[in-house]
Amino acid sequence: MRHLIDPLDFTRQETDRLLGLGEKILESPQKYAHRCDGKILGTLFFEPSTRTRLSFESAMLRLGGQVLGFSDAGSSSATKGESVADTIRMVSGYADIAAMRHFKEGAPFVASQYSRIPVINAGDGGHQHPTQTLTDLFTIRRRRGKVDGVTIGLCGDLKFGRTVHSLIKSLVRYENVRFYFISPEELRVPSYILKEVVMPSGHQWEEVRAMEDVMPELDILYMTRVQRERFFNEEDYVRLKDSYILTKDKLRAAKKDLSILHPLPRVNEIAPEVDGDPRAVYFEQARGGVFVRMALILTLLGLEKGILSGEGA
Amino acid sequence: MLNIDSIENGIVIDHITAGRGMRVYDLLELQALDTCVAIIKNARSEKYGKKDIIKIEGVTDIDLDVLGFIDDHATVCIIRDGKLAEKKRPHLPKKLVNIVKCKNPRCITSVENVDQVFYLCDEKAHRYRCRYCEQEYKK
Ligand SMILES: [Zn+2]
């Protein structure tokens, strides 16, 4: 039995096959509408995250399955003071697969150690969010036909942004990737990511302070939130925040086939005037997340063979 | 002055960084042995000035992996029939189980009763990461 706890739990080949399945589902969803008849997804959200939970629930419902679960630990007497290990043992009897979100880092990994059903990490604190990473890759692939050869600018909070770290770790497994890390000094990519992940990969990379510097070169612009609480003082925040807001004006220098991604929710880092631009694909990205999760549920339930290694087609 | 000649069969852990002898004793769980164990603190060392030494009588098969993590200066001498049979430098264990605790307050190990597991992420720099939250262990 396989789980998805870390985006790198799947090899690049497995990931590619999974994304390919996601595309097949997107193209003809009716073919998959009853593939999970009689199956139940448990959504164990110890911390509320409406978007992610709805995406998982939509995925399971579109497959003909059903969902049960809770949306925050406070409202669930079943989980009060109960260990993660006990919760998953119990849910193993109620559901066929589980998506777990938890405020503690590593909680879904603990669950996977005790579970009798596949566990999907739906976000564990500031640590990992592998279905977001798969969704990002899916969007890049949909837009370009492949991930290889992409020039990507990651913009905003590159220090604390877990989606950015996971995406970098996944992207280095592809060929000829060029990274531009666009952030204020205070929110640079952590040095361990550069030293342990980016440098050994041999891919080209550069740190820049302004998105305008690299805009014409980008195939993908991955925007993230710059949060006020990440700064030591209000002055720094006010001084810096505008530099990391995407506007129509800044887009003027960009390629025609640029894709703008954002893990959502956004606050103000993408001006609403950009939403109408065909290059703004963040809502399409969120929609793609449902197909990715459908593919993932089918794969982990063993209903779609040939995705994971060692299963045979 | 004690020396290894006084052991017929056993292990001498020499060149332990001064002050770490008791930690090594604890982590190797030597209190569980009923044979003779000697800890020598602050012995004179030509190399380091001071050192700790642990001598264990009658046992030659202790799991010494953890030693590499605590003190990679240490040397391990296996004594058989009063002679030095083997001399080894401890190597860094790939995995540490219940040796150190994760200090990340957001880590699940801070609330859930599970093994504390760390894995070696950088052999050269002796760096370990928590298996759960991936935070690096800082001594
Ligand atoms: Zn930890």
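If you're wondering where the values come from, they're calculated on a predicted model, not measured in any experiment.

1. Notes on the overall build of chain B
Here is step 1: Of the regular secondary structure elements, chain B holds two helices and eight strands.
Here is step 2: In chain B, the order of α-helices and β-strands from amino to carboxyl end is β-α-β-β-α-β-β-β-β-β.
Here is step 3: When its C-alpha atoms are laid out on the principal axes, chain B stretches across 50 × 30 × 25 Å.
Here is step 4: Of all 139 residues assigned to chain B, the portion counted as buried reaches 46%.
Here is step 5: Total accessible area computed for chain B in this model is approximately 8,000 Å², and 46% of it derives from carbon and sulfur atoms.
Here is step 6: Distance between charge centroids for chain B: 7 Å, based on 24 positive and 22 negative side chains.

2. Regarding unusual backbone geometry
Here is step 1: In this structure, proline 265 of chain A follows leucine 264 of chain A across a cis peptide bond, with omega equal to 0°.
Here is step 2: Structurally, proline 265 of chain A is set in the loop between strand 9 (259-261) and helix 10 (282-300).
Here is step 3: For glutamate 29 of chain B, which is not glycine, the phi dihedral falls at a positive 55°.
Here is step 4: Following the sequence through the fold, glutamate 29 of chain B ends up in the loop between helix 1 (21-27) and strand 2 (37-45).
Here is step 5: Of note, the phi angle at aspartate 81 of chain B is positive, near 50°, even though the residue is not glycine.
Here is step 6: Within the fold, aspartate 81 of chain B resides in the loop between strand 4 (75-80) and strand 5 (83-88).

3. Examining the domain arrangement of chain B
Residues and elements named next belong to chain B.
Here is step 1: Examined at the domain level, chain B breaks down into domain 1 (10-88) and domain 2 (95-137).
Here is step 2: For domain 1 and domain 2, the distance between their C-alpha centres works out to 25 Å.
Here is step 3: Contacts between the two partners involve five residues from domain 1 and, on the opposite side, six residues from domain 2.
Here is step 4: Connecting domain 1 to domain 2 are zero salt bridges.
Here is step 5: Run the count over domain 1 and domain 2 and you get zero residue pairs in polar contact (both at pLDDT 80 or more).
Here is step 6: Elements with a minimum of two residues in the side of domain 1 that touches domain 2: helix 1 and helix 2 (65-70).

4. Observations concerning the pattern of salt bridges
Here is step 1: Taken as a whole and judged by the stated rule, the model has 27 salt bridges over all chains.
Here is step 2: Among the salt bridges present, the one from glutamate 23 of chain A reaches arginine 141 of chain A, with a minimum N-O distance of 3.5 Å. Here the residue glutamate 23 of chain A occupies a position in helix 1 (residues 12-27), and arginine 141 of chain A occupies one in helix 5 (residues 130-144), the gap between them amounting to 118 residues.
Here is step 3: Looking at glutamate 23 of chain A, the relative accessible area reads 16%, which means it is buried.
Here is step 4: With relative accessibility at 17%, the residue arginine 141 of chain A sits in the buried group.
Here is step 5: A salt bridge links glutamate 136 of chain B to lysine 138 of chain B; the shortest N-O distance between them is 3.7 Å.
Here is step 6: Here the salt bridges share partners, and the residues they tie into one network are Glu196 of chain A together with Asp122, Arg127, Arg129, Glu136 and Lys138 of chain B.

5. Quick notes on the packing of aromatic side chains
Here is step 1: Under the definition given, this model contains eight aromatic pairs over all chains.
Here is step 2: Taking 5.5 Å as the distance between ring centres and 15° as the angle between the ring planes, the aromatic pair formed by phenylalanine 179 of chain A and phenylalanine 181 of chain A counts as stacked.
Here is step 3: Look at phenylalanine 179 of chain A and you get buried, because its relative accessible area is 1%.
Here is step 4: An aromatic cluster is defined as three or more aromatic residues linked by ring pairs; in this entry it consists of Phe69, Phe118, Tyr128 and Tyr137 of chain B.
Here is step 5: Note that arginine 131 of chain B overlies the ring of phenylalanine 109 of chain A, its terminal NZ or CZ placed 3.8 Å from the centroid.

6. Here we look at the environment of leucine 61 of chain A
Here is step 1: Along the chain, the position of leucine 61 of chain A falls in helix 2 (residues 50-62).
Here is step 2: Using a relative accessible area of 52% as the deciding quantity, one classes leucine 61 of chain A as exposed.

7. Some words on the domain arrangement of chain A
Residue and element names in this part refer to chain A.
Here is step 1: Along its sequence, chain A is organised into domain 1 (7-128 + 289-300) and domain 2 (130-285).
Here is step 2: Placing a centre on the C-alpha atoms of domain 1 and another on those of domain 2 gives a separation of 26 Å.
Here is step 3: Note on domain 1 versus domain 2: buried area summed over both sides is about 2,300 Å², and carbon and sulfur give 55% of it.
Here is step 4: Where domain 1 packs against domain 2, one counts three salt bridges.
Here is step 5: Our count for the contact surface shared by domain 1 and domain 2 stands at eleven residue pairs in polar contact (both at pLDDT 80 or more).

8. Quick look at the coordination of the zinc ion
All names here are of chain B.
Here is step 1: Within the protein, the atoms that donate to the zinc ion are Cys102 (SG), Cys107 (SG), Cys130 (SG) and Cys133 (SG), at distances of 2.3 Å.
Here is step 2: Around the zinc ion sit four donor atoms; with metal-centred angles ranging over 102 to 115°, the donor geometry is tetrahedral.
Here is step 3: Each donor residue of the zinc ion belongs to the same chain, and together they define the spacing C-x4-C-x22-C-x2-C. Linking cysteine 107 in the loop between strand 6 (95-97) and strand 7 (117-122) with cysteine 133 in the segment after strand 8 (127-130), this pair joins segments that are 26 residues apart in sequence. Like cysteine 107, the residue cysteine 133 is buried in the burial classification.

Rules used in this analysis
- Residues numbered from 1 in each chain as written.
- Chains lettered and ligands numbered in written order.
- Predicted model: local features only at pLDDT ≥ 70, side-chain atom pairs only at ≥ 80, totals over all residues.
- Heavy atoms only, no water.
- Helix = DSSP H or I, 4+ residues; strand = E, 2+ residues; numbered from the N terminus.
- Buried < 20%, exposed > 50% of the residue type's maximum accessible area, 1.4 Å probe, protein only.
- Areas by Shrake-Rupley, 256 points an atom, 1.4 Å probe, with all protein chains shown as cover.
- Lys, Arg positive; Asp, Glu negative; His and termini not counted.
- Charge placed at Lys NZ, Arg CZ, Asp CG, Glu CD.
- Domains from an automatic or database assignment.
- Contact = heavy atoms within 4.5 Å.
- Salt bridge = Lys/Arg side-chain N within 4 Å of Asp/Glu carboxyl O.
- Polar contact = N/O pair within 3.5 Å; in protein donor to acceptor, adjacent residues only side chain to side chain.
- Phe/Tyr/Trp six-rings, centres within 6.5 Å; stacked < 30°, edge-to-face > 60°.
- Lys NZ or Arg CZ within 6 Å of the ring centre and 35° of its normal.
- Buried area = accessible area lost by both parts, 1.4 Å probe.
- Donors = N, O, S within 2.8 Å, 3.2 Å for Na, K, Ca; no water.
- Tetrahedral: all angles 85-135°; square planar, octahedral: opposite > 155°, others 65-115°.

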